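Given next are the chains, with one letter for each unit.
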Amino acid sequence: MKRIEALQVLNELTAELPVVVTCAATSRELASVENRDNHFYVLDSMGLVGSITTGLALAAKDSDLPKVIGLEGDGSLLMNPNVLPTGGFLGADKLLLVLLDNQVYGSTAGLPTYSSHIDLGAMAEATGWTVGRAEDEVHLRTEFDRLLATTGLTLLHLSIEAGNAADVPKLLVDPVVLAHRFQSWLTARIADNPAS
Ligand SMILES: [Mg+2]
């Protein structure tokens, strides 16, 4: 499946959840599907989705949020693979990281990443994550739902095709505006649904 097809499904599944999205093509494509207040596009900060979502997941520990969602790429995760043992060590149990793995750096001419030889899902499993795997829409939906309901740290390793969607405009919103919008949404979301 193409990245934008995966993002269309994920956008549908995450309407009420905080979603932190990796930079460049993934952020642009998700914003083209729908640019919602619960999306935090991590513009120009490759490798930090896992770090941001780990912090959010720990902060949300006592909230009613089932999970904080991170949408990460293989190249970006490989830039900061430390997030896997860090999440496992800290017990960021409310984190569901969706790894969109196309085995290339999709925003830089499709140069290959290590993931063609290194199983990033196995790396996550080795550091304490519960991992699901999918490569089509049916399994994306079933594994997302299963992991959303799974206690503990979770990663959905989703295999996608290389290549970017055509004619998607650049996302030129000020990151400060994006951060404030997301923070406001998350604050209201938690205030409206206090932990029981
Ligand atoms: Mg990639």
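Here's a quick rundown of the structure. Every value quoted in this text rests on a predicted model; they were computed, and no experiment measured them.

### A short note on the overall build of the protein chain
Item 1. Secondary structure assignment for the protein chain yields 8 helices and 8 strands.
Item 2. Each of the three principal axes of the protein chain carries a C-alpha extent, and together these read 45 × 40 × 30 Å.
Item 3. For the protein chain, buried positions account for 49% of its 196 residues.
Item 4. Counted over contacts in the protein chain with a minimum sequence separation of 6, partners at least 24 positions apart contribute 73%.
Item 5. In the structure as shown, the protein chain presents an accessible area of about 9,100 Å², 56% of it carried by carbon and sulfur atoms.
Item 6. Separation of charge centres in the protein chain, based on 13 positive and 24 negative side chains, amounts to 2 Å.

### What to know about the packing of aromatic side chains
Each aromatic ring pair is described using two quantities: the centre-to-centre distance and the angle formed by the ring planes.
Item 1. According to the stated counting rule, one finds 1 aromatic pair in the structure shown.
Item 2. Aromatic pair Phe40 and Phe182: ring centres 5.4 Å apart, planes at 20 degrees, arrangement stacked. Here Phe40 is found in strand β2 (residues 39-41), whereas its partner Phe182 is found in helix α8 (residues 175-192), with 142 residues between them in sequence.

### So, the coordination of the magnesium ion
Item 1. Listed as protein donors to the magnesium ion are Asp74 (OD), Asn102 (OD1) and Val104 (O); their distances from the metal cover 2.1 Å.
Item 2. Along the chain, the residues donating to the magnesium ion fall in the pattern D-x27-N-x1-V. On the criterion of sequence distance, the pair formed by Asp74 in helix α4 (residues 74-79) and Val104 in strand β5 (residues 104-105) is long-range, its members being 30 residues apart. Of the two residues examined, Asp74 and Val104, each falls in the buried class.

### Some details on α8
Item 1. If you check α8, its first and last C-alpha atoms are 26 Å apart, about what 18 residues at 1.5 Å a residue would give, namely 26 Å.
Item 2. Along α8, the residues classified as buried are Leu178, Arg181, Phe182, Trp185, Leu186 and Arg189. When α8 is viewed along its axis, its buried side chains cluster within an angular range of 125 degrees and face the same direction. Exposed residues pointing more than 90 degrees away from the buried face of α8 are listed as Val176, His180, Thr187 and Ala191.
Item 3. Here the buried face of α8 lies against β1 (19-21), β2 and α3 (49-59).
Item 4. Between the side-chain oxygen at the start of α8 and the backbone nitrogen of Val176 there is a gap of 2.8 Å, and the oxygen is on Asp174.

### Some thoughts on the side chain of Ser76
Item 1. If you trace the backbone, Ser76 turns up in helix α4.
Item 2. One polar contact links the side chain of Ser76 to the main-chain amide nitrogen of Gly47, over a distance of 2.7 Å.
Item 3. Residues contacting Ser76, with those up to four places away along its chain left out, are Thr22, Met46 and Gly47.

### So, the sheet that holds strand β4 (residues 95-101)
Item 1. One open sheet holds the 6 strands; their spatial order is β2-β1-β3-β4-β8-β7, and the pairing between them is parallel. On the outer flanks of this sheet lie β2 and β7 (130-134), each paired with one strand and no other. The mean inter-strand angle of the sheet, taken between neighbouring strand axes irrespective of direction, is 20 degrees.
Item 2. One ladder, built from 6 bridges, connects β4 with strand β8 (residues 154-159); its direction is parallel. Bridge assignment links Leu100 to a residue of β8, and that residue is Leu158.

Conventions adopted
- Residues numbered from 1 in each chain as written.
- Predicted model: local features only at pLDDT ≥ 70, side-chain atom pairs only at ≥ 80, totals over all residues.
- Heavy atoms only, no water.
- Helix = DSSP H or I, 4+ residues; strand = E, 2+ residues; numbered from the N terminus.
- Buried < 20%, exposed > 50% of the residue type's maximum accessible area, 1.4 Å probe, protein only.
- Contact = heavy atoms within 4.5 Å.
- Areas by Shrake-Rupley, 256 points an atom, 1.4 Å probe, with all protein chains shown as cover.
- Lys, Arg positive; Asp, Glu negative; His and termini not counted.
- Charge placed at Lys NZ, Arg CZ, Asp CG, Glu CD.
- Phe/Tyr/Trp six-rings, centres within 6.5 Å; stacked < 30°, edge-to-face > 60°.
- Donors = N, O, S within 2.8 Å, 3.2 Å for Na, K, Ca; no water.
- Expected span 1.5 Å × (residues − 1).
- Arc of directions from axis to C-beta.
- Polar contact = N/O pair within 3.5 Å; in protein donor to acceptor, adjacent residues only side chain to side chain.
- Pairing = 2+ DSSP bridges.
- Axes fitted to C-alpha atoms, helices over the stretch in contact; angles between N-to-C directions.

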